Structure formats: structure tokens, C-alpha cells
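# Coordinate analysis (summary)
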Amino acid sequence: MGWVLRTAIHKFIAITDALVSSLNIDAGRSEVARDFWRGIDNLLARAQQSGSVRADSRFEDIKVLLIGILQATGDGGTFPDRVVSILCDGLRG
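The structure reproduced in this document is the subject of the present report.

## With respect to the overall build of the chain
Scanning the chain from terminus to terminus reveals five helices and zero strands. For the chain, the sequential pattern of α-helices and β-strands runs α-α-α-α-α. Expressed as a percentage of the 93 residues in the chain, the buried residues total 32%. In the chain, once contacts between residues fewer than 6 apart in sequence are set aside, the share between residues at least 24 apart is 60%.

Pasting the structure below:
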């Protein structure tokens, strides 16, 4: 899951504002953000079904943590791989 999160953020860095902001999001960015979160939700469900991720993890937990990471990195120029690694270690089932 960590690799997917890191790859997704690097590829979709343009939607960082859409992911962390609830104000004045244009329709295109909002749709991309919805697709991104839908993918994360599906990934979490599959990881839980396989026993790779804690059963008590919720989509909302992942969203809050990932948004916090994005906000902490400011402009998104550097994505903290170590922080994602720590996050994923904590999610392991």
C-alpha cells in the first residue's frame, strides 16, 4: 500500500490542493480527487480482505493521515517516503 500511496501522490501532485481543500475546488479537480479517494478506499478494502492491513483501519483514518502528510509537506515538492513507510507499518495486519 505504501508504494501505491507514494506513486499516486507523485503522479497526482497537481491535485494536492483538491485533496486538502474543501473551498473553491473546480469540477475537474474535484472529480480527480474523488477518483483518487475511491481508489484508496478500494485498495484499503482489498488489503484488509487479504489480511495485509489491520481490520480496524477505516478509510477516514487513511484520508486524515494522508491529508495531514500532504499539508505538512507544503507545496508537495518533496513527498516524505519515510513518513509513508511509518504509516504503512502502522496499518499492517
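That covers the picture; the talk isn't over yet.
## Some details on helix α5 (residues 81-91)
Among the residues of α5, those classed as buried are V84, L87, C88 and L91. For α5, the angular spread of buried residues about the axis comes to 95°, placing them on one side. In this structure, α5 carries R82 and I86 as exposed residues pointing more than 90 degrees from its buried face.

## Considering the packing of helix α4 (residues 59-72) against α5
Two numbers describe how α4 lies on α5: the axes approach to 11 Å, and their chain directions differ by 165°. On the basis of their axis angle, the class for α4 and α5 is roughly antiparallel. For the pair α4 and α5, the sense of crossing is right-handed. Across from I62, L65 and I69 in α4, the residues of α5 making contact are V83, V84, L87 and L91. Of the residues assigned to the contact of α4 with α5, the class counts are seven nonpolar, no polar and no charged.

## Quick word on the pattern of salt bridges
One pass over the full model with this rule turns up five salt bridges. Across the pair R54 and D56 runs a salt bridge, and its minimum N-O distance is 2.7 Å. Shared partners join several salt bridges into a network, and the residues in it are R58, E60 and D61.

## Re the packing of aromatic side chains
Within this structure, the stated rule accounts for two aromatic pairs. Ring centres 5.0 Å apart and planes at 75° place the aromatic pair F36 and W37 in the edge-to-face group. For F36, a relative accessible area of 8% corresponds to the buried category. Given a relative accessible area of 7%, W37 falls into the buried group. For the ring pair W37 and F59, a centre distance of 6.0 Å and an interplane angle of 80° mean the geometry is edge-to-face. Of this pair, W37 sits in helix α3 (residues 27-50) while F59 sits in helix α4, and the two are 22 residues apart along the sequence.

## A word on α4
In this model α4 runs 20 Å from its N-terminal to its C-terminal C-alpha over 14 residues, within 8% of the 20 Å that 1.5 Å per residue would give. Among the residues making up α4, those that are buried are F59, I62, L66, I67, I69 and L70. In a view along the axis of α4, the buried residues occupy a sector of 155°, so they form one face of it. Opposite the buried face of α4, by more than 90 degrees, sit the exposed residues V64 and A72.

Definitions and cut-offs
- Residues numbered from 1 in each chain as written.
- Predicted model: local features only at pLDDT ≥ 70, side-chain atom pairs only at ≥ 80, totals over all residues.
- Heavy atoms only, no water.
- Helix = DSSP H or I, 4+ residues; strand = E, 2+ residues; numbered from the N terminus.
- Buried < 20%, exposed > 50% of the residue type's maximum accessible area, 1.4 Å probe, protein only.
- Contact = heavy atoms within 4.5 Å.
- Arc of directions from axis to C-beta.
- Axes fitted to C-alpha atoms, helices over the stretch in contact; angles between N-to-C directions.
- Parallel < 35°, antiparallel > 145°, perpendicular 65-115°, else oblique.
- Left-handed = near helix turned anticlockwise from the far one by under 90°.
- Nonpolar A, V, L, I, M, F, W, Y, C, P; charged D, E, K, R; others polar.
- Salt bridge = Lys/Arg side-chain N within 4 Å of Asp/Glu carboxyl O.
- Phe/Tyr/Trp six-rings, centres within 6.5 Å; stacked < 30°, edge-to-face > 60°.
- Expected span 1.5 Å × (residues − 1).

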